[in-house]
Structures are given as structure tokens and as C-alpha cells.
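Commentary on secondary and tertiary structure
Spelled out, the chains give:
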Amino acid sequence: MTSDRASTGTPYGSEGTVLLMLSGGLDSTYALVHYLTRTSFPVHAHHLSLRYPHQQRWRAEDPATENVVAWCRGHLRAFEYSTSRFDLDFDQVSWDSDLMLLVASKVALNLGGDTVTVALGWCQDDLSRPTVRDRLDRNVNRNLWTALCDSVGGRVSRHLAR
């Protein structure tokens, strides 16, 4: 998480539920622990199981996510959790974050509260990679998220917490 507000425990658009896209990796796990321990916001974690023929990451990520959820529920505080699955039988699928944002826009519609803020777990190393940096500089994720927010109505915060 790299936003200044992350260090203070206040996500942007923090009037309602935080929807955290949980992969089971270190970055999203840290983000979940952060929101559960440093904020009092309602948290909904969602795991998107991405199944590509050329990558088998889901075989590690799916059980890791279940373990993270169980540990956090047992040691931190209660939160909502849901999953979805994409089976994509294509060699070229582009960016996982594009699918995460699409799914987040749909999950957010089904959460309670007046506002939903979406959080993605990114680390500084991710943000320093040239291809990721280029997408950030061109506002690709932000533009995609804005378009998705426009498609679902005004309940979802346009700001992405990362």
C-alpha cells in the first residue's frame, strides 16, 4: 500500500465499506491486516481466482487466501469474505488488475453501506516496474476504474486505495 492515508489507517472515500481484492499474496494480506487492525471500517475481502492455462498460480493462491481469511478471522476481527472464479483459456490475458477492477465493480454493488472504497494490494516493487509505471503514468487503472464506476452508479468511490 503506497498512499499516504494508508499509513494513517484512513482510506480515501472512507465513509463506508472497504472492499479489498485479496490474492493471498503478501501485499494484499498486508493490506487486509492493515484495514482490520488500524481502522474500524467494515471490511469485505474478495478473492478472484484467475485460472489461466499458462499459469497455475491459483493452485497456491486459492488455499493461501483461505488460510489468510481463517487466521485473520480467528486473530483480528470479523469481516465479510467472498470469492469468484475466472477460467480464461487464452494465452494473452493482459493485466490481472484489469479483471480485479471489473470484478470489484460488481462485488461493490452487492455490499451494504452508502459508499464502497476499493483497495488493491501493491508493493513498491510493483510500482517501480517499467510496464506498471507506464500504466500508472497513463492513468490506465484510474481511467478503467472511473469508467466502471460510471457504469454502476454513484455508490462506489472513484478513488482507488492502494
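For the structure itself, look to the data block above.
Please read all numbers here as calculations on a predicted model, not as lab measurements.

The rules behind these values
- Each chain carries its own residue numbering, running from 1 in the written order of its sequence.
- In view of the model being predicted, local features appear only for residues whose pLDDT reaches at least 70, and side-chain atom pairs are presented and counted only at 80 or more, with totals across whole chains, interfaces and linings using the full set of residues.
- Side-chain numbers come from the whole structure's heavy atoms, not from hydrogens or water.
- Each residue's exposure class comes from its accessible area (1.4 Å probe, protein chains only) as a fraction of the maximum for that residue type: buried when under 20%, exposed when over 50%, partly exposed otherwise.
- We count a stretch as a helix when DSSP gives it H or I for four or more residues in a row; a strand needs E for two or more, and each element gets its number in order from the N terminus.
- Any two residues whose heavy atoms approach within 4.5 Å are treated as being in contact.
- Nitrogen and oxygen atoms within 3.5 Å of one another constitute a polar contact, given that in protein one can donate a hydrogen and the other can accept it, and given that sequence-neighbouring residues count only through two side-chain atoms.
- To estimate the expected span of a helix, count its residues, drop one, and scale the result by 1.5 Å.
- Any pair of Phe, Tyr and Trp rings, taking the six-membered ring for Trp, is counted once the centres come within 6.5 Å. Such a pair is stacked with planes under 30 degrees apart, edge-to-face with planes over 60 apart, and tilted for the rest.
- Note on geometry: a ring has a charge over it if NZ (lysine) or CZ (arginine) is within 6 Å of the ring centre and within 35 degrees of the ring normal.
- Pairing between strands is defined by DSSP: at least two bridges between them are needed.
- Handedness is read with the strands pointing away from the viewer; a crossover is right-handed when the path from the first strand over the helix to the second is clockwise.

A positive phi is found at Asn 139, a non-glycine position, where the angle reads about 60°. Of the residues examined, Asn 139 reaches a relative accessible area of 35% and is grouped as partly exposed.

In this section: the environment of Ser 84. Topologically, Ser 84 is positioned in strand S3 (residues 80-87). Residues Ser 84 and Leu 48 lie 36 residues apart in sequence; the distance between their C-alpha atoms is 5.0 Å. The residues contacting Ser 84, other than those within four sequence positions of it, are His 46, His 47, Leu 48, Ser 49 and Val 103. In this structure the side chain of Ser 84 is engaged in a polar contact, spanning 2.8 Å, whose partner is the side chain of His 46.

With that settled, the discussion passes to helix H2 (residues 26-38). Taking 1.5 Å per residue as the helical rise, H2 with its 13 residues ought to reach 18 Å, and the 17 Å between its terminal C-alpha atoms agrees with that figure. Residues of H2 that are buried: Ser 28, Thr 29, Ala 31, Leu 32, His 34, Tyr 35 and Leu 36.

Next up on the list: the packing of aromatic side chains. Scanning the model with the defined rule gives zero aromatic pairs in all. Taking NZ or CZ as reference, Arg 51 lies 3.7 Å from the ring centre of Trp 58, over its face. Over the ring of Phe 79 we find Arg 73, and its NZ or CZ is 5.2 Å from the ring centre.

Attention shifts here to the pairing of strand S2 (residues 43-51). With nine of nine residues buried, S2 is to be regarded as a mostly interior element. Burial along S2 is two-sided: the face carrying Val 43, Ala 45, His 47, Ser 49 and Arg 51 and the face carrying His 44, His 46, Leu 48 and Leu 50 are both buried. Looking at chain direction, strand S1 (residues 17-21) and S2 are connected through four bridges and run parallel. Looking at S2, one finds that Leu 19 is bridged to His 44. A crossover connection joins S1 to the parallel S2 through H2; in handedness this β-α-β unit is right-handed. With eight bridges joining them, S2 and S3 adopt parallel strand pairing. Across the sheet, Leu 48 pairs through a bridge with Ser 84, a residue of S3. In this region the chain leaves S2, passes through helix H3 (residues 58-75) and returns to the parallel neighbour S3; the handedness of that crossover is right-handed.

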